[in-house]
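What follows is the residue order along each chain.
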2 protein chains.
Amino acid sequence: MRARVRITLKDGILDPQGKAIAQALGRLGFEGVEAVRQGKYIEIELAETNHVKARAQVEDMCAQLLANTVMEEYSVEVDG
Amino acid sequence: MRARVRITLKDGILDPQGKAIAQALGRLGFEGVEAVRQGKYIEIELAETNHVKARAQVEDMCAQLLANTVMEEYSVEVDG
């Protein structure tokens, strides 16, 4: 199964990379950009074939390694 | 509207970050991790309210700034 993990900074945590992207987009002439947040995206191919177990395994991976849960939050999607 | 952009290395481009994550997960005792790819995730809040225009604008942003289209591919989701 393939899991897709999105890791973003929690609301209220400053995101200088996102700010830099927003400014660069403005300089390139893109209008109406109100906010940008940059995070990480991780795709994991798992041998596990049970959907529920795969999700639980990936949530463990996030909590233990992939995300810094003090500053970051994560969301996991699992598909066939 | 909020756009969510996932940027990943194209297939065939080496991904040492992903390899490092896969190895670290193995050392932590996670079994059955077949492959890991790391990419970027960007959320953009747009003033644009037209779904089609918002998507076109964000695809332009990807091509011009956010992704290195030689090595990376991107996917864009737009929601209300």
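Before reading on, note that the structure itself is shown above.
Residues numbered from 1 in each chain as written. Chains lettered and ligands numbered in written order. Predicted model: local features only at pLDDT ≥ 70, side-chain atom pairs only at ≥ 80, totals over all residues. Heavy atoms only, no water.

**Q** Quick question: what am I supposed to make of the packing of helix α2 (residues 51-66) of chain A against helix α1 (residues 16-27) of chain B here?
**A** Each packed pair of helices is defined by two parameters, the angle between the axes and the distance between the axes. Their axes nearest at 11 Å, the elements α2 of chain A and α1 of chain B cross at an angle of 100°. What the angle tells us is that α2 of chain A and α1 of chain B run roughly perpendicular. Residues Met61, Leu65 and Leu66 of chain A of α2 of chain A pack against Ile21, Ala24 and Leu25 of chain B of α1 of chain B. Classifying every residue of the contact of α2 of chain A with α1 of chain B by side-chain character gives six nonpolar, no polar and no charged. (Axes fitted to C-alpha atoms, helices over the stretch in contact; angles between N-to-C directions. Helix = DSSP H or I, 4+ residues; strand = E, 2+ residues; numbered from the N terminus. Parallel < 35°, antiparallel > 145°, perpendicular 65-115°, else oblique. Contact = heavy atoms within 4.5 Å. Nonpolar A, V, L, I, M, F, W, Y, C, P; charged D, E, K, R; others polar.)

**Q** Hey, could you run me through the relation of the copies chain B and chain A in this one?
**A** For the pair chain B and chain A, the superposition axis carries a translation of 0.0 Å, the fit reaches an RMSD of 0.0 Å, and the rotation angle comes to 180°. Such a combination of turn and shift is consistent with a two-fold rotation axis. In this assembly the copies share their binding face: 100% of the residues contributing to the interface of chain B also contribute to that of chain A. (Least-squares fit on C-alpha atoms with pLDDT ≥ 70 in both.)

**Q** What exactly am I supposed to notice about the interface of chain B and chain A here?
**A** Taken residue by residue, the interface counts 32 residues in chain B and 32 residues in chain A. Between chain B and chain A lies a buried interface of about 2,800 Å² when both sides are counted; carbon and sulfur atoms form 64% of it. Considering only the side of chain B, the residues that lose the most area to chain A are Arg6, Phe30 and Tyr41 of chain B, jointly responsible for 21% of the buried surface there. Applying the counting criterion to the chain B and chain A interface returns zero salt bridges. Inspection of the chain B/chain A interface yields twelve residue pairs in polar contact (both at pLDDT 80 or more). Elements that contribute at least two residues to the side of chain B that touches chain A include exactly β1 (2-9), α1, β2 (33-46) and α2 (51-66) of chain B. A per-element tally of the side of chain B that touches chain A places β2 of chain B first, with 14 residues. Taken together, the residues of the side of chain B that touches chain A sort by class into 16 nonpolar, six polar and ten charged. (Buried area = accessible area lost by both parts, 1.4 Å probe. Salt bridge = Lys/Arg side-chain N within 4 Å of Asp/Glu carboxyl O. Polar contact = N/O pair within 3.5 Å; in protein donor to acceptor, adjacent residues only side chain to side chain.)

**Q** Can you help me understand the environment of asparagine 68 of chain B in this one?
**A** Relative to the assigned elements, asparagine 68 of chain B resides in the loop between α2 and β3 (72-79). Taking the C-alpha atoms as reference points, asparagine 68 of chain B and isoleucine 7 of chain B, separated by 61 residues in sequence, lie 9.1 Å from one another.

By themselves these figures say nothing about function.
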